[in-house]
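Spelled out from the first residue to the last, the chains are:
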Amino acid sequence: MDTARITEILTDSVTADLVERQPITQIAYSATDGSPRAVPVGYLLREGTFLFYTVPTSDKVAALRRDPRIALTVDTFPPPCCLLVRGTAELREEDGVPDEYLEASFRTMPQEQHAGFEQQVRSLYDSMVRVIVTPTWVRLNDFERTAPRAVERLIQAKQG
């Protein structure tokens, strides 16, 4: 998929609304034993890349160092809407607790919990791994303009 099309989808107003409404994405990757994994993470979408943070000793860090291919889904209901992404992950260890980790985490909780959460994580984490997902393929299914490809093919077959 070409980068212009990826950028077009990631900057679409429906995508922006979806990302605003849904602070959690489901990531999928291959574990070090080759088995599939899917886990929820808080994230940010910045300049065409998805960012999330994790503990340096987490299983996903070892797995993504071995195989950086990753998929993620951001979805909401109602109305149904989903952004499907495939890409590659770049990992960078950073000292302390990055502000972007806090920003992503704060999206998942009421404001009155922010200070306590920040104090807790700053006392717990000496470093974190920034995971930067660069999309190589994206699809937005908003069920008004686009739907899953199989559904679109079925509609075309019934009409034609």
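Remember, it's a predicted structure, so these values are computed and weren't measured experimentally. (Residues numbered from 1 in each chain as written. Predicted model: local features only at pLDDT ≥ 70, side-chain atom pairs only at ≥ 80, totals over all residues. Heavy atoms only, no water.)

S.K.: Just checking my understanding: could you explain the overall build of the protein for this structure?
M.R.: Counting its secondary structure elements, the protein contains 6 helices and 7 strands. Secondary structure elements of the protein, listed N to C terminal, follow the sequence α-α-β-β-β-β-α-β-β-α-α-β-α. Overall, the protein is about 60 × 40 × 25 Å in size when its C-alpha atoms are taken along their principal axes. Counting only residues that meet the buried cut, the protein has 42% of its 160 residues in that class. Long-range contacts, defined here as pairs at least 24 residues apart, represent 68% of the contacts in the protein between residues at least 6 apart. (Helix = DSSP H or I, 4+ residues; strand = E, 2+ residues; numbered from the N terminus. Buried < 20%, exposed > 50% of the residue type's maximum accessible area, 1.4 Å probe, protein only. Contact = heavy atoms within 4.5 Å.)

S.K.: Explain the nonpolar core here, please?
M.R.: Nonpolar side chains in soluble globular proteins tend to be buried together. Counting 27 residues, the largest nonpolar core has Phe50, Leu83 and Val131 as its most contacted members. Of all the elements in the fold, those that place two or more residues in this core are helix H1 (3–10), helix H2 (13–21), strand S1 (24–30), strand S4 (49–54), helix H3 (59–66), strand S5 (69–76), strand S6 (81–95) and strand S7 (127–141). If near-sequence neighbours (up to four positions away) are discounted, Val131 is found in contact with Phe50, Leu51, Phe52, Thr54, Leu64, Ala89, Glu90 and Leu91. Formed by 10 residues, the second largest nonpolar core is a distinct cluster that contains Val97, Leu102, Phe117 and Met128. (Core = buried A, V, L, I, M, F, W, Y, C linked by side-chain atoms within 4.5 Å.)

S.K.: Would you mind showing me how to read the sheet that holds strand S2 (residues 36–42) here?
M.R.: Pairing between the strands of a sheet is mediated by backbone hydrogen bonds and can be parallel or antiparallel. Pairing in this open sheet of 7 strands is antiparallel, and the strands run S2-S1-S5-S6-S7-S4-S3 from one edge to the other. The outermost strands of the open sheet, each flanked by one partner alone, are S2 and strand S3 (44–46). Taken pair by pair, the neighbouring strands of this sheet meet at an average axis angle of 35°, ignoring direction. Two strands pair when backbone bridges link them, and S5 and S6 are joined in this way by 8 bridges, in the antiparallel orientation. By the bridge assignment, Arg69 is partnered in S6 with Thr88. (Pairing = 2+ DSSP bridges. Axes fitted to C-alpha atoms, helices over the stretch in contact; angles between N-to-C directions.)

S.K.: Which parts of the structure should I look at to understand helix H4 (residues 99–106)?
M.R.: Note on helix geometry: an α-helix contains 3.6 residues per turn, so any two residues three or four positions apart are oriented the same way. Among the 8 residues of H4, 6 are classified as buried, and the element is accordingly described as predominantly covered. For H4, the set of buried residues is Glu100, Tyr101, Leu102, Ala104, Ser105 and Phe106. Residues of H4 that are buried make contact with S2, S3, S4, helix H5 (114–124) and S7.

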